[in-house]
Amino acid sequence: QMQLVESGGGLVQAGGSLRLSCAASVRTFSNYAMAWFLQAPGKEREFVGVITWSIGYTHYADSVRGRFTISRDNAKNMVYLQMNSLKPDDAAVYYCAAALKDIPSPTMRLSSFYDYWGRGTQVTVSS
């Protein structure tokens, strides 16, 4: 079993930055692919980005590529999402997710790929 707890959300002006953190409570953090998703009010959950454990492969949604960066600290069981140049459209609840499948795959963009989810952290972007 794994528990994921997100933090770092808040209110930021458009053009600003936030860094989200996800703490994973699990005996062995290795071999898990870690991802971030967002969900805006009235919309479906959307893929933001993913990072694998073994080779540090990363993949991002087109909407955030070049602005957001995922990183992980395996020694601390932490995953981060650095968000720069934030736009009002980025406002949402951001969720951390984990999958015990570490080989890069197009299906990593799907929420069904992931086995564990956090409760989310709210990001609000003012224009």
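Residue positions within a chain follow its written sequence, with the count starting from 1. Totals for whole chains, interfaces and linings use all residues, but because this is a predicted model, local features are given only for residues with pLDDT of at least 70 and pairs of side-chain atoms are given and counted only at 80 or more. Side-chain metrics in this entry use all non-hydrogen atoms of the structure; hydrogen atoms and water are not considered.

Visitor: So what exactly am I meant to see when it comes to the overall build of the protein here?
Guide: Numbering of helices and strands starts at the N terminus; helices are DSSP runs of H or I of at least 4 residues and strands are runs of E of at least 2. Secondary structure summary: the protein contains zero helices and eleven strands in total. Mapped in sequence order, the helices and strands of the protein form the string β-β-β-β-β-β-β-β-β-β-β. When we talk radius of gyration, it's over C-alpha atoms, and the globule rule is simply 2.2 Å times the number of residues to the 0.38. Its C-alpha atoms give the protein a radius of gyration of 13 Å, within 12% of the compact-globule value 14 Å for 127 residues. Each of the three principal axes of the protein carries a C-alpha extent, and together these read 40 × 25 × 25 Å. Think of it in three bands: with a 1.4 Å probe and only protein chains considered, a residue is buried below 20% of the maximum accessible area for its type, exposed above 50%, and partly exposed in between. Expressed as a percentage of the 127 residues in the protein, the buried residues total 46%. Should any heavy atoms of two residues lie within 4.5 Å, those residues are counted as being in contact. Put simply, 59% of the contacts in the protein that link residues at least 6 apart link residues at least 24 apart. As displayed, the protein offers around 6,600 Å² of accessible surface, 49% of which is attributable to carbon and sulfur atoms. Neither His nor the chain ends is counted toward charge; the positive residues are Lys and Arg and the negative residues Asp and Glu. To locate a charge, take atom NZ for lysine, CZ for arginine, CG for aspartate or CD for glutamate. Side-chain charges in the protein split into 12 positive and 9 negative, and the spacing between the mean points of these groups amounts to 4 Å. Computed with the Shrake-Rupley method and a 1.4 Å probe, the accessible areas treat only the protein chains shown as cover for residues.

Visitor: Teacher, can you tell me more about the layout of surface pockets here?
Guide: If a probe the size of a water molecule is rolled over the atoms, the empty space left behind becomes visible. Here a cavity is any set of points on a 1 Å grid over the protein atoms alone where a 1.4 Å probe fits but cannot get out, and a pocket is any open set with protein on both sides within 12 Å along at least 5 of 7 lines; a residue lines the site when it has an atom within 4 Å of a point. Grid points are joined across faces, edges and corners, and a volume is the space filled by probe spheres set on the points. Estimates place the volume of the largest pocket at around 200 Å³. Contributing to the lining of the largest pocket are Leu38, Ala40, Lys43, Glu46, Ser63, Val64, Arg67, Lys87, Asp89, Asp90 and Ala91. Within the lining of the largest pocket, the residues separate by chemical class into four nonpolar, one polar and six charged. Residue polarity is assigned by list, with Asp, Glu, Lys and Arg as charged and Ala, Val, Leu, Ile, Met, Phe, Trp, Tyr, Cys and Pro as nonpolar; anything else, Gly included, falls into the polar class.

Visitor: Help me understand the nonpolar core, please; the structure alone is not making it clear to me.
Guide: Most often, soluble globular proteins have nonpolar side chains that are buried together. Remark: nonpolar core denotes a set of buried residues (Ala, Val, Leu, Ile, Met, Phe, Trp, Tyr, Cys) joined through side-chain atoms within 4.5 Å. In terms of nonpolar packing, the biggest core is built from 41 residues, with Met34, Trp36, Leu81, Met83, Tyr94 and Tyr114 touching the most fellow members. Elements with a contribution of two residues or more to this core: β3 (18–25), β4 (33–39), β5 (46–51), β7 (68–73), β8 (78–83), β9 (92–99) and β11 (121–126). Residues in contact with methionine 83, not counting those within four places in the same chain, are Gly16, Ser17, Leu18, Leu20, Arg67, Phe68, Tyr94 and Val123.

By themselves these figures say nothing about function.
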